[in-house]
Amino acid sequence: MRTQVVIIGSGPSGLLLGQLLANSGIDNVILERVDRDYVLGRVRAGVLEQGMVDLLDEAGVGARMHAEGLPHEGISLAFDNRLHRIDLTALTGKRVMVYGQTEVTHDLMDKREASGLTTIYEAKNVQPHDFDTTSPYVTYEKDGVTHRIDCDFIAGCDGFHGVSRKSAPQDVIKTYERAYPFGWLGILAEVPPADHELIYANHPRGFALCSMRSEHRSRYYVQCPLNDKIEDWSDHRFWDELRRRLPKEAAEKVITGPSFEKSIAPLRSFVAEPMQFGRLSLVGDAAHIVPPTGAKGLNLAASDVRYLYSGLREYYLDKSSAGMEAYSAKALARVWKAVRFSWWMTTMLHRFPDTDAFGQRIQEAELDYLVHSQVAAASLAENYVGLPY
């Protein structure tokens, strides 16, 4: 088989890149190691920056998002038993969209199928080759047979554990990592959210987040030790702990119900540099991970897609390689700013086990300054709604 771009991974970044390329007449094939239902079963992020909303519109998949998504113009920070609202729109002129990653993936999959584009599911042992030349190719196994796809470029959209970053020359790639000493216990429940906007809570018992996927489906989190087990957390225990960490006015609005998804996720910051190795480019989680506190993971993948798509479009339509040569530097400049913001939000809102009395008072002063300074609040808002591409 021959195509112009092979995309490894059919998550939202791979699907979005593929659709944007196809809309510009650039042929592409997506390889995915698992089946379609498994991809759609992943529970992930739900807050979209305006830049990602615009990209989905450009890809032609924004209709359901605009019909069912929830535009949010603010968030609340909860501490000292009070809610402090940050008006994102008043401070920046922008807003965010609450729309689950699973729904984004579904919309992109449906569009790809309707467009007659090729996605090969259950492609085993995917391996990129010769990406340091002008004739790269990718091999994979399907039904016991080895296949080869020749291409011009390879886009690694296959996540943190995928083959793309592992294939990069180890004497060239450099990684940076920060692991946090706690996790997030998260649940999904078919109950109305406690508030019409997200609440980020800093409490002596630990961090909590009130989020949602729709007006009838809520996503809640509490900070927990890394060695906690799911079986230690009954629904009853979770709801009690969540309400303890919220101001009274918010706690009273929490409607409880049985959870249908429950998981504990460790938090870490991770960046791989560079994000490009010859004709192989890393996209999204393949190159970087951020703690979810800043709502940046999926949005960073979208900005990578924007830069890579622009470079590929320039290469094929304008016959210029300048955009592709600049991909890694452009993407990383934005990545590191989002990594900083996510780290800052995490350190400001969580209780760290090794924090002394001085450190605790500094955290409290930071929160107090943030909600009483328009300049400080504007800085948070600017980063939360998304820095420009």
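Everything discussed here concerns the structure shown above.
Criteria and cut-off values
- Sequence order as written defines residue numbering, which begins from 1 separately in each chain.
- Two thresholds apply to this predicted model, a pLDDT of at least 70 for residue-level local features and 80 or more for giving and counting side-chain atom pairs, whereas whole-chain, interface and lining totals are computed over all residues.
- Each side-chain value is worked out from all heavy atoms of the structure, with water and hydrogens disregarded.
- Salt bridges are defined by distance alone: a side-chain nitrogen of Lys or Arg within 4 Å of a carboxyl oxygen of Asp or Glu.
- Under the scheme used here, helices are H or I runs from DSSP no shorter than 4 residues and strands are E runs no shorter than 2 residues, and both carry numbers assigned from the N terminus.
- Three labels apply to residues, based on accessible area from a 1.4 Å probe with only protein chains included: buried if under 20% of the type maximum, exposed if over 50%, partly exposed otherwise in between.
- It is the directions from the helix axis to the C-beta atoms whose arc is reported.
- Note on contacts: a residue pair is in contact if any heavy atoms of the two residues lie within 4.5 Å.
- Patch construction takes residues with relative accessible area above 30% that form no salt bridge. Like charges are linked within 9 Å, and nonpolar side chains (Val, Leu, Ile, Met, Phe, Trp, Tyr) are linked within 5 Å.
- Accessible surface is estimated by sampling points in the Shrake-Rupley manner with a 1.4 Å probe; for residues, cover comes only from the protein chains shown.
- His is not counted here, nor are the chain ends, while Lys and Arg score as positive and Asp and Glu score as negative.
- Each charge is placed at NZ for Lys, CZ for Arg, CG for Asp and CD for Glu.
- Expected span of a helix: the number of residues minus one, times 1.5 Å.
- The set of buried Ala, Val, Leu, Ile, Met, Phe, Trp, Tyr and Cys residues whose side-chain atoms join them within 4.5 Å is what this entry labels a nonpolar core.
- Detection works on a 1 Å grid of protein atoms alone, calling trapped sets that fit a 1.4 Å probe cavities and calling open sets with protein on both sides within 12 Å along at least five of seven lines pockets, with lining residues defined by an atom within 4 Å of a point.
- Grid points are joined across faces, edges and corners, and a volume is the space filled by probe spheres set on the points.
- Gly is put with the polar residues, along with every residue not named as nonpolar or charged; the nonpolar set is Ala, Val, Leu, Ile, Met, Phe, Trp, Tyr, Cys and Pro, and the charged set is Asp, Glu, Lys and Arg.
- Residues adjacent in sequence count toward polar contacts only when both atoms are side-chain atoms; beyond that, a polar contact is any pair of N or O atoms within 3.5 Å, and within protein one must be able to donate a hydrogen and the other to accept it.
- At least two DSSP bridges between two strands are needed for those strands to be called paired.

**Things to note about the pattern of salt bridges**
Enumeration over the complete set of coordinates arrives at 21 salt bridges. When the shortest N-O distance is used, the salt bridge between E103 and R64 registers 2.8 Å. Of this pair, E103 sits in helix 6 (residues 101–114) while R64 sits in helix 4 (residues 63–68), placing them 39 residues apart in sequence. Under the relative-accessibility criterion, E103 is labelled partly exposed at 26%. One salt-bridge network, in which partners are shared between bridges, spans R64, E68, E103 and D107.

**Concerning helix 3 (residues 50–59)**
Those residues of helix 3 lying buried are M52, V53, L55, L56 and A59. Viewed along the axis of helix 3, the buried residues span an arc of 160°, placing them on a single side of the element. Contact partners of the buried residues in helix 3: helix 1 (12–23), strand 3 (47–48), helix 4, strand 7 (96–98), helix 6 and helix 10 (297–317). Taken from the residues just after helix 3, G60 is the one with a positive phi, measuring 85°.

**Re a negative patch on the surface**
Taken together, the side chains of D35, D37, E122 and D143 make up a negatively charged region of the molecular surface. In this fold, D35 is placed in the loop between strand 2 (28–31) and helix 2 (36–40).

**Digging into helix 6**
Taking 1.5 Å of rise per residue, 14 residues should cover 20 Å, and helix 6 covers 20 Å from first to last C-alpha, within 8% of that figure. Those residues of helix 6 that fall on the buried side of the exposure criterion are Q101, V104, T105, D107, L108, M109 and R112. Phi for G116, located one or two positions after helix 6, is positive at around 70°.

**Some remarks on the nonpolar core**
Ranked by size, the top nonpolar core spans 74 residues in total, and within it L17, L31, L48 and L56 carry the most contacts. Broken down by element, this core gets its largest block of residues, nine residues, from helix 10. In terms of nonpolar packing, the next biggest core, distinct from the first, is built from 33 residues, L209, F341, A376 and V385 among them.

**A closer look at empty space enclosed by the protein**
Applying the stated criterion across every chain, the model contains one cavity of 30 Å³ or more. Surrounding the largest cavity, E49, K296, R334, K337, A338, F341, N383, G386 and L387 form its lining. Considering every element that reaches the lining of the largest cavity, the biggest residue donor is helix 12 (residues 327–349), with four residues. When its residues are assigned to classes, the lining of the largest cavity shows three nonpolar, two polar and four charged.

**Here we look at the side chain of S218**
As for its placement among the helices and strands, S218 is situated in strand 16 (residues 218–224). One polar contact links the side chain of S218 to the main-chain carbonyl oxygen of P192, over a distance of 3.2 Å. In this structure S218 touches I187, L188, A189, V191, P192, P193, S211 and M212, once residues within four positions along its chain are discounted.

**Examining the sheet that holds strand 2**
With mixed pairing, the six strands of this open sheet are ordered in space as 8-2-1-12-19-18. With partners counted over all chains shown, the strands left at the sheet margins are strand 8 (118–120) and strand 18 (276–277), one partner each. Relative to strand 8, strand 2 is paired through three bridges, and the arrangement is parallel. Within strand 8, the position partnered with I30 by the bridge is T119.

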